[in-house]
Amino acid sequence: MTDTNASLSFDTLHNPTFLQACMRQATPHTPVWLMRQAGRYLPEYVATRAKAGSFMGLATNRDYATEVTLQPLARYPLDAAILFSDILTVPDAMGLGLSFAQGEGPRFAHPIKTEADVAKLEVPDMAKLQYVFDAVSSIRKALTQDGKGRVPLIGFSGSPWTLACYMVEGKGSDDYRLVKTMLYSRPDLMHKMLAINADAVAAYLNAQIDAGAQAVMIFDSWGGVLADGAFHQFSLAYTVRVLAQLKRFGSDGKIVPRLVFTKGGGQWLQDMKALDCEVLGLDWTVNLENARALVGGTVDGPGKALQGNIDPNVLFAPPAAIGAEAAKVLDSFGTPFQGAGTGPTHIFNLGHGISQYTPPENVAALVAAVHSHSRKLRI
């Protein structure tokens, strides 16, 4: 049996603030990391991708994936690392044939179009995704200094619904016409696909935990395109199915927090309050003060840590404006919990992924502003 107190101590890390905030514990500052923090806005990432020859060449190579995961940590005092990979590795392992053309988004060579296509789907052999788990182990090793990790490592997957969107559309979409046509015309096929996706995502995240991921995040990037009611039936229900299967502790005996981010999901926060996860991510349309009151909980009572939620386009403003906008986000959440026990906590992030056009020096201004202003909130 795992010692709960020991599992919550995070004493294997030099900087445990992200995990502490996930578990609604007090921290000396608000931890900050950025969605897509290892990416095309960094010139060193662009150089490594060129060496790899392609995006998939980068993502499937343990050493390259380790290198680019660590690149933003070399530039900025971020409080967490996130595995460099892609949400579409799971359907790729199902045989859909993932590719990335230079300057374009992902495409599948064999999208799901017919009942026969759905009938062939099954949870993939996780051995096909071993390159991901090898990268997780390699990154954990690379993060170790003096016997402790510098910062925690986040693993992730797309949500069952978000994966289904790409699997049916074959690529990104503006109107989700094909996937919604299947949803409304043949909900039985959609439910079958989503159940397989959910079980595959759970197995995938559990393997990342076994390899060393210290937190896992589910990206429901396209949950917000669903109609009210359809979100609950076709997205939320399958996120619940994933969460029910996830391991609670890593191989080191430490608890593994679970984060769920639904872009465009602010109107369903009350419904997501019941999710069996520790953290809810918010996009920039959500008021943090209201979200805290709704789902943040009370001291030593149940509640969710909140993650987010500055508009990524703020990062195109001058540094002084970036600092002012970061302060607005932090002030909106208010003073995080302080003291022993648990209470409302905040993890600073963007409301979605960082733009590839972001000036790298502006990220430095954001991280410095978050750390500085959040310390003042605790005085």
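In what follows, the structure referred to is the one given above.
Below, the structure is looked at part by part. Everything numeric in this text was worked out from a predicted model, so none of it was measured.

Turning our eyes to something else, we now look at the pattern of salt bridges. Under the defined criterion, the tally for this structure stands at 12 salt bridges. Measuring nitrogen to oxygen at the nearest pair gives 2.8 Å for the salt bridge that ties Asp 188 to Arg 186. Across the salt bridge formed by Glu 325 and Lys 328, the nearest N and O atoms sit 3.1 Å from each other. Here Glu 325 and its partner Lys 328 are both found in helix 15 (residues 319-333), three residues apart, which amounts to about one turn of the helix. Assessed through its relative accessible area of 52%, Lys 328 is described here as exposed. Bridged by salt links that share partners, the residues Arg 248, Arg 258, Asp 276 and Glu 278 form one connected network.

Quick look at the packing of helix 9 (residues 160-169) against helix 11 (residues 187-211) now. At a minimum axis separation of 9 Å, helix 9 and helix 11 run at an interaxial angle of 120°. By the angle between their axes, helix 9 is oblique relative to helix 11. In the crossing of helix 9 with helix 11, the sense of the turn from one axis to the other is right-handed. Between helix 9 and helix 11, the contacting residues are Pro 160, Trp 161, Leu 163, Ala 164, Met 167 and Val 168 on the first element and Met 190, Met 193, Leu 194, Asn 197, Ala 198 and Val 201 on the second. The class makeup of the residues in the contact of helix 9 with helix 11 is 11 nonpolar, one polar and no charged.

This brings us to the sheet that holds strand 9 (residues 279-281). Taken together, seven strands build an open sheet; the order of strands is 1-6-7-8-9-10-11 and the sheet is parallel. Looking along the sheet, the strands with just one partner apiece sit at the ends: strand 1 (81-82) and strand 11 (346-350). Contacts between helix 14 (residues 288-295) and the sheet are confined to strand 9, strand 10 (305-310) and strand 11, with strand 10 contributing the most and set at about 165° to the helix.

Counting buried residues along strand 6 (residues 153-158), six of its six residues qualify, which places the element largely inside the surrounding structure. In strand 6, alternate side chains face the same way, and those of Leu 153, Gly 155 and Ser 157 on one face and Ile 154, Phe 156 and Gly 158 on the other are all buried. Bridge analysis of strand 1 against strand 6 gives two bridges, and the strand direction is parallel. Following the sheet pairing, Ala 81 is matched in strand 6 by Leu 153.

What counts and how
- Residues numbered from 1 in each chain as written.
- Predicted model: local features only at pLDDT ≥ 70, side-chain atom pairs only at ≥ 80, totals over all residues.
- Heavy atoms only, no water.
- Salt bridge = Lys/Arg side-chain N within 4 Å of Asp/Glu carboxyl O.
- Helix = DSSP H or I, 4+ residues; strand = E, 2+ residues; numbered from the N terminus.
- Buried < 20%, exposed > 50% of the residue type's maximum accessible area, 1.4 Å probe, protein only.
- Axes fitted to C-alpha atoms, helices over the stretch in contact; angles between N-to-C directions.
- Parallel < 35°, antiparallel > 145°, perpendicular 65-115°, else oblique.
- Left-handed = near helix turned anticlockwise from the far one by under 90°.
- Contact = heavy atoms within 4.5 Å.
- Nonpolar A, V, L, I, M, F, W, Y, C, P; charged D, E, K, R; others polar.
- Pairing = 2+ DSSP bridges.

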